[in-house]
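Geometric and topological summary
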Amino acid sequence: MDKKILKSIVCPVCKGEFFLEVFAEEDEAIEEGSLNCICGQSFPIIAGIPRILIGDLKEIVLNQFPEFFLKYKEFFASWQPKNNITGESLKKKKTAESFGYEWQKFHEMKEEWRKNFDFYFEPADKPLLKEKTVLELGCGNGRHTFYASKICKELFAVDLGSAIDIAYLNNKDKNINFIQADIYNLPFKDNFFDFIFCLGVLHHLPTPEKGFNRLVDLLKNNGEILIYVYHSFAEKTFNFYLLKFVNFFRNFTIRLPHKLLYVLSYPIALLSYLILVLPYKFFFKKRGKIDWPLGTYVNYSFSVLLNDTFDRFSAPIENRYSKEQILEWYQRAGLKNIKILGGSGWRLLGNK
């Protein structure tokens, strides 16, 4: 962690400034330490990353770094493990564990992620990010972080689970600040960012629009927010029935151990490739634009389909939206100049 980040972050509880206590440094970067607030909150810096979580979500970091808290137990008396997490906190914890496992297994930085980044950012004018302070919420393994950081002035990459450590390793020595935090309790002042992007994250939240509105609060006036969420399908279409079929199996797969689901993802992805991707590639793609299930994977390697297969069957929560429903988010938030594009989901850009 670079000390300069202290000018940009605040306590998520009281919005007060942090004062820093350093335990270990390496080349002027903070490897271990504590971010303390006058309101009594203390947040650990572990492996170079601030871990700014409150309430029951502290359990995520406690489980990930038990040795750290044993070593510095006198500094983090309020960080005590709990065994009875319930409700929304439990859902968020399970989601963080699911994606943490996923990005540890699929940690590679592929050349294909450039195409992926360009797809998601199609509604945005990327060169305009050059002088901007940008927030990426839900950075995963850092695949989009890498390309966004090449454009913007400064990037803050945030994730709830252990995926943040993969993103950090994949993007070291860049103009990026990595923070482990929760979308509902982010350590930033309102009206701070010029641009925010959140790709494939909001639909996995217990209350997605609440998370979206929290991001809008962080935007400066005239700032822009880009999101990607899953779309729903019209009734009695092939995709509608296919989704019902997949969701039937999701009722079981989201309860499986991650290691077992990872193994099962191979035959599922292979069947999907043989039954859906190959026919589209050789028979339907040449006929022009056809709304074909998994047709987009003709542009990617099998490993990307495998990655997304695990993602699809592992994430505990999945919400889907029609075009009208997702547009209403932007309209209710008072955003203007809204652009919306389809294609494997909805990509929306709006101006505050």
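Look up: the structure comes first, before these words.
Below: a short report on this structure. The model shown is predicted, which means the values in this text are computed figures rather than measured ones. (Residues numbered from 1 in each chain as written. Predicted model: local features only at pLDDT ≥ 70, side-chain atom pairs only at ≥ 80, totals over all residues. Heavy atoms only, no water.)

Points about the overall build of the protein
Per the secondary structure count, the protein includes 11 helices and 11 strands. Computed over the C-alpha atoms, the radius of gyration of the protein is 20 Å, within 12% of the 20 Å expected from 2.2 N^0.38 for a compact globule of 352 residues. Expressed along its principal axes, the backbone C-alpha trace of the protein runs to roughly 65 × 45 × 35 Å. Counting all 352 residues of the protein, 52% fall into the buried class. Partitioning the contacts of the protein with sequence separation of at least 6, the portion at a separation of at least 24 is 65%. Carbon together with sulfur atoms contributes 54% to the accessible area of the protein, which is approximately 16900 Å² in total. Charge separation in the protein, taken as the distance between the mean sites of 47 positive and 41 negative side-chain charges, equals 6 Å. (Helix = DSSP H or I, 4+ residues; strand = E, 2+ residues; numbered from the N terminus. Rg over C-alpha atoms; globule rule 2.2 N^0.38 Å. Buried < 20%, exposed > 50% of the residue type's maximum accessible area, 1.4 Å probe, protein only. Contact = heavy atoms within 4.5 Å. Areas by Shrake-Rupley, 256 points an atom, 1.4 Å probe, with all protein chains shown as cover. Lys, Arg positive; Asp, Glu negative; His and termini not counted. Charge placed at Lys NZ, Arg CZ, Asp CG, Glu CD.)

Details of the environment of Leu 205
Structurally, Leu 205 is set in the loop between strand E8 (193-199) and helix H7 (208-218). On the accessibility criterion, Leu 205 (11% relative accessible area) is buried. Between the alpha carbons of Leu 205 and Lys 92 there is a distance of 7.2 Å; along the sequence they are 113 residues apart. Non-local contacts of Leu 205, meaning those with residues more than four positions away in its chain, are made with Ile 183, Tyr 184, Gly 211, Ile 317 and Asn 319.

Details of the state of the cysteines
Under the counting rule described, the total for this entry stands at zero disulfides. Here Cys 37 stays free of any disulfide, with the sulfur of Cys 14 as its closest cysteine sulfur at 3.3 Å. Under the relative-accessibility criterion, Cys 37 is labelled buried at 5%. (Disulfide = S-S within 2.5 Å.)

A word on the pattern of salt bridges
This model, assessed by the stated rule, comprises 16 salt bridges. We note a salt bridge from Glu 97 to Lys 93, for which the minimum N-O separation is 2.7 Å. One end of the pair, Glu 97, and the other, Lys 93, are both in helix H3 (residues 87-105), four residues apart, so they sit about a helical turn from each other. Its relative accessible area of 35% is what places Glu 97 among the partly exposed residues. The buried category is assigned to Lys 93, whose relative accessible area is 14%. A single network of salt bridges, built from pairs that share partners, joins Glu 88, Lys 92 and Asp 182. (Salt bridge = Lys/Arg side-chain N within 4 Å of Asp/Glu carboxyl O.)

Focus on the side chain of Arg 250
Relative to the assigned elements, Arg 250 resides in helix H8 (residues 238-253). Glu 318 provides the closest opposite charge to the buried, salt-bridge-free Arg 250, at an N-O distance of 4.2 Å. A distance of 2.9 Å separates a polar side-chain atom of Arg 250 from the backbone oxygen of Ala 315. The contacts of Arg 250, once residues within four sequence positions are left out, are Arg 312, Phe 313, Ser 314, Ala 315, Pro 316, Ile 317 and Glu 318. (Polar contact = N/O pair within 3.5 Å; in protein donor to acceptor, adjacent residues only side chain to side chain.)

As for helix H6 (residues 163-170)
Burial within H6 is extensive, with six of its eight residues counted as buried. For H6, the set of buried residues is Ala 163, Ile 164, Asp 165, Ile 166, Ala 167 and Tyr 168. Where H6 is buried, its residues touch strand E2 (29-36), strand E4 (49-52), helix H1 (58-64), H3, strand E6 (154-159) and strand E7 (176-181).

So, H7
Inspection of H7 places Pro 208, Gly 211, Phe 212, Arg 214, Leu 215, Val 216 and Leu 218 among the buried residues, and these make up the whole buried set. On its buried face, H7 is in contact with strand E5 (133-137), E8, strand E9 (219-229) and helix H11 (323-332).

Describing the pairing of strand E10 (residues 336-341)
Bridge analysis of E10 against strand E11 (residues 346-351) gives four bridges, and the strand direction is antiparallel. Paired with Lys 339 across the two strands is Leu 349, which belongs to E11. Here E10 folds back onto E11, and the loop between the two strands holds four residues, one of which, Gly 343, carries a positive phi near 95°. (Pairing = 2+ DSSP bridges.)

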